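Close look at the chain arrangement
The chain contents come next:
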Amino acid sequence: MGLPSLSLRRPVFAIVLNIAIMLFGIIGYTFLGIREYPAIDPPVITVRTNYTGANADIIESQITEPLENAINGVQGIRTISSASNQGSSNITVEFDLSADLETAANDVRDKVSQALRLLPQDIDAPPVVSKADANSDAIISMTVQSEDKNVLQLTDYAVNVLQQRLQTIPGVSSIQIWGQKNYAMRLWFDPQKLAAYQLTAIDVQNALNKANVELPSGKIAGTNTELTVNTLGRINTEEEYNNLIIKDVDGKTVRLKDIGYAVLGTENFETSLKESAEAMVALALVPQPGANYVEISDEFYKRLAEIKKEVPKDIKLNIALDNTVFIKNSISEVKETLFISILLVVIIIYLFFRDWIIALRPLLDIPVSLIGAFFIMYVFGFTINVLTLLAIVLATGLVVDDGIVVTENIFKKLEKGMPKMQAAREGSEEIFFAVVSTSITLAIVFLPIVFMQGFVGSLFKEFGIVVAGAVLISALVSLTLTPVLNVLLGKKVHKNSWFYDKTEPFFKGMDDGYKETLTSFMKIRGVSFVIIGLCFILIYFVGKNLQSELAPMEDRGAFRISLTAPEGTSYTAMQNYVDRVTQFVMDSVPEQRIALSVTSPGFIGSGAANTAFMRIRLKEKNERTKTQDEVAQYLGKKLF
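Of all the bends found along helix α5 (residues 151–166), the most pronounced is centred on Ala 158 and spans about 40°. The opening residue of α5 is Asn 150, an N-cap whose side-chain oxygen sits 3.1 Å from the backbone nitrogen of Leu 152.

Structure follows, in structure tokens:
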């Protein structure tokens, strides 16, 4: 007894089996992350070391080279790149796609630990080894600006209010603050006064270490009362710092105000964020690996609406970057394509069978196969992205093939007057091996994609497995559910519809025409080899002249400009250059909407004073005449 006969004898078994497939698919769907493309970036490890005051040559010879020589021994390394800048060393290690990120990070940490004895003993701190992957880029950034508050006050509000509200969003790994400037007490000295009192900066540092400290002072106990002693040893205000005693010189007490002054300022001057030349700060959301980007975006905007009700009137919050918009649009377009494909399947089946009951039957067959594919995605750890949804769309036409073949064979027997139960049994059993062999063949065609190596193989791995899995599920559905549906939904007595009778002459003529054409061609069948040869020649010459790229260029209305000045360029000079570039973009690119610039970014890369980047957002497509690529090429010619 074959699977179709078993399903017809036990229709409840067939129905429950297919319901179970759908339930597993629905449950798997709820656990799937949503992103634009699969996680295909290779494992990347960064090693960052700070050595304040050292120039680039010392950084390279005493820190970067010893660490590179040690890291070179790690297995699976693809490339090593480094940047030695004033006061910092940054080494980027890229591993093969097959390498495990955790294992790679541990191997690099071991090698760095072994190389510590070769590094200068007075470096600020041991080298920091961190992991990076496709999820390390921010997906949403929000600017915080004000006409009344300075950047220090904006940073304080962003850190203590906004960051606290946003970092608890499920799926968010961290909140980067671009242009962050923290409060710090800055001490300025007069070299001549220092020399007059025979003092150095080290003497001031020693005085601070001794005076600016809060130590446990014990307690005072009496007969009935016990009190804890709290010694106020911290220096907090400018006045307290100015009155700090540095040293007694010739019986005279020298205070900080005698050799300089203290002022409350910023911890780091050499970083800034500007939008359209206006200084501000920004909060950027970095997702966790495998997180659902769409859910993060929805929760972010929900909390942003609540925050805007409480934010001070002099502070403005704007969205500078939102990559989830493109993800939502891509997924929405794929869903629309999926709906159209299913609608076309129903129409085509109706036009050939000319029976609405049979035409609407795929609406029951197709969902089982497609929803079941989500469980396969869950088992393999995939995400809902453009390629997996593309696989679902492609599978729509493939999964319906098996059902059409089985239904057509059953329909043929019904036309001969056979009872519907007998027609369903004999029709499905006859076609059993054809369905199985066809499905396995289709699956085998897509499964080799799994064994492709490199970037492209990783990109299309999810696509191949989802298509193959959906096709195999469709074979099971067509051999269990389809025969049962033909019996349960079929008419007791088969009768052609009026549309069938009206259009039958057309289909009969088409069938006869095909037979005559095939019979005539078989008399000169040798010509087929000539036609095949011409096709191969055309494929070669046409394919040779086609341009190739990984993915077509998409106009997203946004691009990035990276700026690197010669080594030794000061922060002030770099900021002036960035301001000029920003002004040029604002004046010469009418299509721009936001020009965001970050000078000496401390949250990525080396954070050197001679580095900067810009993010340009353009107006919507219907509001501009130039494409994103045309604007980028124009700026490339004018700026570089």
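Resuming the write-up.
Right, let's talk about the nonpolar core for a bit. Core analysis: the biggest nonpolar cluster contains 71 residues, and Leu 166 and Leu 317 have the highest contact counts within it. Looking at which element gives the most residues to this core, the answer is helix α17 (residues 454–488), with eleven residues. Not counting residues up to four positions away in its chain, the partners in contact with Leu 166 are Met 142, Ile 175, Leu 283, Leu 285, Phe 300, Arg 303 and Ile 307. If you look at the next biggest cluster of nonpolar residues, it comprises 22 residues, including Val 47, Phe 95, Val 108 and Val 129.

This next bit is on a negative patch on the surface. Where like charges cluster on the molecular surface, the negative patch consists of Asp 57, Glu 60, Glu 65 and Glu 567. One can find Glu 567 in the loop between β16 (558–564) and α20 (571–588). Its relative accessible area of 44% is what places Glu 567 among the partly exposed residues.

Its place among the elements puts Asn 50 in strand β1 (residues 44–50). Separated by 469 residues in sequence, Asn 50 and Thr 519 have C-alpha atoms that sit 82 Å apart.

The terminal C-alpha atoms of helix α2 (residues 11–30) lie 29 Å apart, and with 20 residues this matches the ideal 28 Å at 1.5 Å per residue to within 8%. Ala 14, Asn 18, Ile 21, Gly 25 and Gly 28 are the residues of α2 that are buried. Looking straight down α2, one finds that the buried residues subtend no more than 85° of arc, so they occupy a single side. α2 presents Val 12 and Thr 30 as exposed residues on the side facing more than 90 degrees away from its buried surface.

Let's shift gears to the packing of aromatic side chains. Considering all chains together, one arrives at 14 aromatic pairs under this definition. Between the aromatic rings of Phe 460 and Phe 463, the centroid separation amounts to 6.3 Å while the plane-to-plane angle is 85°, which identifies the pairing as edge-to-face. Placement of both Phe 460 and Phe 463 in helix α17 is noted, with a separation of three residues, approximately one turn of the helix. Given a relative accessible area of 28%, Phe 460 falls into the partly exposed group. Among the aromatic residues, ring-to-ring pairing joins Phe 24, Phe 31, Phe 375 and Tyr 378 into one connected group. We note Arg 560 situated over the ring of Phe 613; from NZ or CZ to the ring centre the distance is 4.2 Å. One Lys or Arg, Lys 626, reaches over the ring of Tyr 634 and ends 5.0 Å from the middle of that ring.

One can describe the packing of helix α11 (residues 324–353) onto helix α13 (residues 362–379) by two numbers: an axis separation of 11 Å at closest approach and a directional angle of 140°. The angle between the axes of α11 and α13 places the two elements in the oblique class. Considering how the two elements wind past one another, α11 and α13 form a crossing that is right-handed. Listed contacts from α13 to Leu 338, Ile 342, Val 345, Val 346 and Ile 349 of α11 are Pro 362, Leu 363, Ile 366 and Leu 370. Taken together, the residues of the contact of α11 with α13 break down into nine nonpolar, no polar and no charged.

Turning to the packing of α11 against helix α18 (residues 498–523), a few remarks are in order. For the pair α11 and α18, interaxial distance at closest approach is 9 Å and the crossing angle is 85°. In terms of axis orientation, α11 runs roughly perpendicular to α18. Packed against α11, whose contacting residues are Tyr 350, Leu 351, Phe 352 and Phe 353, the element α18 presents Phe 499, Tyr 500, Phe 507 and Met 510 at the interface. Tallied by class, the residues present in the contact of α11 with α18 amount to eight nonpolar, no polar and no charged.

Attention now moves to the side chain of Asp 322. Looking at the element boundaries, Asp 322 is found in strand β15 (residues 315–322). There is a polar contact of 2.5 Å between the side chain of Asp 322 and the side chain of Tyr 301. One polar contact links Asp 322 to Thr 324, side chain to side chain, over a distance of 2.4 Å. Not counting chain neighbours up to four residues away, the residues in contact with Asp 322 comprise Ile 139, Ile 140, Ser 297 and Tyr 301.

This paragraph deals with the pattern of salt bridges. The final tally for this structure, using the stated rule, is eleven salt bridges. Lys 328 is paired through a salt bridge with Asp 298; the nearest N and O atoms lie 3.4 Å apart. Separated by 30 residues along the polypeptide, Lys 328 in helix α11 and Asp 298 in helix α10 (residues 293–310) bring together distant segments of the chain. You can call Asp 298 partly exposed: its relative accessible area is 42%. Note that Asp 512 and Lys 508 form a salt bridge whose closest N and O atoms lie 3.2 Å from each other. Remark: Lys 508 and Asp 512 occur in helix α18; sequence separation between them is four residues, near one turn of the helix. The partly exposed category is assigned to Asp 512, whose relative accessible area is 27%.

Rules of the game
Residues numbered from 1 in each chain as written. Predicted model: local features only at pLDDT ≥ 70, side-chain atom pairs only at ≥ 80, totals over all residues. Heavy atoms only, no water. Bend = angle between axes of the 7 residues up to and from the residue. Helix = DSSP H or I, 4+ residues; strand = E, 2+ residues; numbered from the N terminus. Polar contact = N/O pair within 3.5 Å; in protein donor to acceptor, adjacent residues only side chain to side chain. Core = buried A, V, L, I, M, F, W, Y, C linked by side-chain atoms within 4.5 Å. Buried < 20%, exposed > 50% of the residue type's maximum accessible area, 1.4 Å probe, protein only. Contact = heavy atoms within 4.5 Å. Patch = residues over 30% accessible without salt bridge, like charges linked within 9 Å, V, L, I, M, F, W, Y side chains within 5 Å. Areas by Shrake-Rupley, 256 points an atom, 1.4 Å probe, with all protein chains shown as cover. Salt bridge = Lys/Arg side-chain N within 4 Å of Asp/Glu carboxyl O. Lys, Arg positive; Asp, Glu negative; His and termini not counted. Charge placed at Lys NZ, Arg CZ, Asp CG, Glu CD. Expected span 1.5 Å × (residues − 1). Arc of directions from axis to C-beta. Phe/Tyr/Trp six-rings, centres within 6.5 Å; stacked < 30°, edge-to-face > 60°. Lys NZ or Arg CZ within 6 Å of the ring centre and 35° of its normal. Axes fitted to C-alpha atoms, helices over the stretch in contact; angles between N-to-C directions. Parallel < 35°, antiparallel > 145°, perpendicular 65-115°, else oblique. Left-handed = near helix turned anticlockwise from the far one by under 90°. Nonpolar A, V, L, I, M, F, W, Y, C, P; charged D, E, K, R; others polar.

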